Amino acid sequence: RARRGLRVLQHNVSLEFRWEEERYTDGVKWKFLEHKGPVFAPPYEPLPSNVKFYYDGKPMKLSPEAEEVATFFAKMLDHEYTTKDIFRKNFFKDWRKEMTSEEKSTITDLKKCNFSEMSEYFKAQSEARKAMTKEQKQKIKEENERLLQEYGFCIMDNHKERIANFRIEPPGLFRGRGDHPKMGMLKRRIRPQDIIINCSKDSKYPTPPPGTKWKEVRHDNKVTWLVSWTENIQGSIKYIMLNPSSRIKGEKDWQKYETARRLKKCVDRLRAQYREDWKSKEMRIRQRAVALYFIDKLALRAGNEKEEGETADTVGCCSLRVEHLKLHPESEGQEFVVEFDFLGKDSIRYYNRVPVEKRVFKNLQLFMENKEPDDDLFDRLNTSILNKHLQELMDGLTAKVFRTYNASITLQQQLKELTNADDNIPAKILSYNRANRAVAILCNHQRAPPKTFEKSMQNLQTKIDAKKDQLSDAKRELKSAKADAKVRRDEKSKKAVETKRKAVQRIEEQLMKLEVQATDREENKQIALGTSKLNYLDPRISVAWCKKWGVPIEKIYNKTQREKFAWAIDMADEDYEF
DNA sequence: TACTGCACTTAGAAGTATGGAG
DNA sequence: CTCCATACTTCTAAGTGCAGTA
């Protein structure tokens, strides 16, 4: 069997009919799995002796262990993290654990530590890397490619599949998002004896580096991961899994959208049901119904409970607290306005003012009565209760399915509404991006405005102005050419008019393209389109739209995305309906 | 029923490659 | 050809949800 695996590796079997292959039942994910194991982070290279660390103004040679951790901090010196108290405190505490007893007794105050020589050294190194010759860069590229070819693929059943993350995360300082209580802690180096390998019994097992052993080799075909280890910050498990282009991820993705489409068929019934439930005599049912309304209408996340003090304080729907909502019986001419203001996943702020139905508003008043700001809004509800209820309403239904459903249906509707048949392709793509943007806004997918945003907008405006000047020049030239032709009435001047006319036309097109680009960019300033495109939008909607309007799929999906959505590109024709 | 561990999806930031303008 | 903004890729944190256990 192992030999057979190898043969597949060499021949790279055709993927043509993979979506039609039979599926396994009862949780079996594969029958054969062979891989080479992970690639470890490169070992620490001590600093050259001329690069010094100073404590209290005096140079100090650190032990390799302490020095390595110091370099992690030095590399982040320009980052805001290193100014934060919690980050500094956590870092210093963990750094001290790596010090020798002498170092520990000398280095007692982070403020007296001077990492600037180290920092300069790393900056110089990165400059040097940029300045390398083509040949040197090519060599590195080839080495990376070799590593990818050796470790970046596995055999799962009859296919050679790309692995998503075959490199083990290198050691460093933990960078939590938002106000994370553990930011700055030392993320320790992962060694072979920390690693669990998962592969099939009849495969050729990966070999640990010379002189080391794996923690365990197991053969669990009810899971999809190849390698796992336990991370030391939260104590959670990390995995090496397959690329999104793989059969196992693709099928799962497809299944996700099929579940969302089943929700489409019964969503009216469910909506009617939760509206009824707003009137229930039971508090738990009213809470469940209002929460579901938010999840449906506002595409909120479920909101699992989190361990206090272990992570940043963020919430989702079921974990909303009284302090996260303000009720306005009347505001800006609208009745029953709810103002949401809370931090969601990744500590991204959710701010929204929404008019709701009177019954919802009255219920919210009731839920908030006699509560402190930090009390739960839905005190009789959690995600497990909600999901159990959803499961009864539809097989496979959970809170997150609503996000998928509402995102995909919104894209489909917006595309219908925004696409103009007689637009040219750039304008059609703008419409697509606008539809995509509507979804990103619904799902609250934000990004930090690019650091160079203002400048790049200005640059674009300059270009537009220049193009306008160019256009008026061209028009003037056309006019005089016409006048000239009228007088002369010869072939040569007629031709000149045609040339000028073409020039005007070309410049007009260029100008329009630039203006479209400016609009698109401005509207996109703080909005991230990628997340919804990758995780929430049924790709078959986009494929069908491309086919219908003759837009090349490459304009919508880049290479990686086309690989991930190969199943959809294969499957959907132009009349596909979500 | 609550709790916890595990597996897997979703997320924005950071790092790197690329291609178009000058 | 070079430079720089943009596009793409990688990274890994932070969610969801389920199953097993007490």
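Residue positions are given per chain, counting from 1 as you read along its sequence in written order. Written order decides the labels, with chains lettered from A and ligands numbered from 1. Side-chain atom pairs in this predicted model are given and counted only at pLDDT of 80 or more, local residue features only at pLDDT of at least 70, and totals for whole chains, interfaces and linings cover all residues. Only hydrogens and water are set aside when side-chain values are computed; all heavy atoms of the structure are taken into account.

Peer 1: Got a sec to walk through the protein's contact with DNA strand B? Specific residues and values, please.
Peer 2: Only a single heavy atom is needed: when it lies within 4 Å of a molecule or strand, its residue is near that molecule or strand. Neighbouring DNA strand B are 26 residues, the closest being Lys-249, Lys-256, Lys-345, Thr-531 and Tyr-536. Here a phosphate oxygen of DNA strand B sits 2.5 Å away from a polar atom, N or O, in the side chain of Lys-249. Each polar contact in these results corresponds to two N or O atoms within 3.5 Å; when the atoms are within protein, one needs to be able to donate a hydrogen and the other to accept it, and residues that are neighboring in sequence are counted only if both atoms are side-chain atoms. Between DNA strand B and Tyr-536, the relevant distance is 2.9 Å, taken from a phosphate oxygen to a side-chain nitrogen or oxygen of the residue.

Peer 1: Describe the domain arrangement of chain A, naming the residues involved and giving the relevant values.
Peer 2: What fixes the domain bounds is an automatic or database domain assignment. Partitioning chain A into structural domains gives domain 1 (33–40 + 135–241), domain 2 (53–131), domain 3 (249–397) and domain 4 (407–571). The distance between the C-alpha centroids of domain 1 and domain 4 comes to 41 Å.

Peer 1: Kindly report on a negative patch on the surface, identifying the contributing residues and their values.
Peer 2: Patch definition: residues with relative accessible area over 30% and no salt bridge; like charges joined within 9 Å; nonpolar side chains (Val, Leu, Ile, Met, Phe, Trp, Tyr) joined within 5 Å. Surface exposure here means Shrake-Rupley accessible area, sampled with a 1.4 Å probe, where a residue is shielded only by the protein chains that are shown. Salt bridges are counted wherever a side-chain nitrogen of Lys or Arg sits within 4 Å of a carboxyl oxygen of Asp or Glu. Working convention for charge: Lys and Arg count positive, Asp and Glu count negative, and His plus the chain ends are omitted. Positions of charges follow a simple convention, taking NZ of Lys, CZ of Arg, CG of Asp or CD of Glu. Where like charges cluster on the molecular surface, the negative patch consists of Glu-305, Glu-308, Glu-372, Asp-374 and Asp-376. Under the scheme used here, helices are H or I runs from DSSP no shorter than 4 residues and strands are E runs no shorter than 2 residues, and both carry numbers assigned from the N terminus. Position of Glu-305 relative to the elements: it lies in the loop between helix 8 (283–298) and strand 13 (325–331).

Peer 1: For helix 10 (residues 383–393), give the residues involved together with the corresponding values.
Peer 2: Residues Thr-383, Leu-386, His-389, Leu-390 and Leu-393 constitute the buried set of helix 10. For helix 10, the buried positions fall inside an angular range of 130 degrees around the axis, keeping them on one side. Along helix 10, the residues that are exposed and aim more than 90 degrees away from the buried face are Lys-388 and Glu-392. Contacts were defined at the residue level, with two residues in contact if any of their heavy atoms lie within 4.5 Å. The secondary structure elements touched by the buried residues of helix 10 are helix 7 (247–277), helix 8 and helix 11 (399–418). One side-chain oxygen at the N-terminal end of helix 10 lies 2.9 Å from the backbone nitrogen of Ser-384; it belongs to Asn-382. Relative accessibility decides the category of a residue: with a 1.4 Å probe and only protein chains considered, values under 20% of the type maximum give buried, values over 50% give exposed, and everything between is partly exposed. To obtain the arc, one takes the directions from the helix axis to the C-beta atoms.

Peer 1: Give me the lowdown on the pattern of salt bridges, citing residues and values where you can.
Peer 2: In this structure the tally under the stated criterion is 38 salt bridges. Here Glu-216 and Arg-218 are joined by a salt bridge, their closest N and O atoms 2.9 Å apart. One network of salt bridges, with partners in common, ties together Lys-36, Glu-143, Arg-146 and Glu-150.

Peer 1: Before we move on, could you go through the protein's contact with DNA strand C and cite the residues and values that matter?
Peer 2: Around DNA strand C there are 29 residues in total, and Arg-177, Lys-238, Gly-303, Arg-521 and Thr-560 lie nearest to it. Within 4 Å of the protein, the atoms of DNA strand C are drawn from sugar and phosphate moieties in a proportion of 89%. In the model, a phosphate oxygen of DNA strand C is placed 2.4 Å from a nitrogen or oxygen of the Lys-238 side chain. At 3.1 Å, a side-chain N or O of Asn-387 approaches a phosphate oxygen of DNA strand C. Of all the elements in the fold, those that place two or more residues in the surface near DNA strand C are helix 11 and helix 13 (453–488). Counted by class, the surface near DNA strand C contains 4 nonpolar, 12 polar and 13 charged residues. Residues are grouped as follows: Ala, Val, Leu, Ile, Met, Phe, Trp, Tyr, Cys and Pro are nonpolar; Asp, Glu, Lys and Arg are charged; every other residue, Gly included, is polar.

Peer 1: With reference to specific residues and values, describe the environment of Arg-434.
Peer 2: The residue Arg-434 is located in helix 12 (residues 425–442) in this model. Residues Arg-434 and Leu-529, spaced 95 residues apart in sequence, show a C-alpha to C-alpha distance of 9.7 Å. Arg-434 has contacts with Leu-418, Thr-519 and Glu-523, leaving out every residue within four places of it along the chain.

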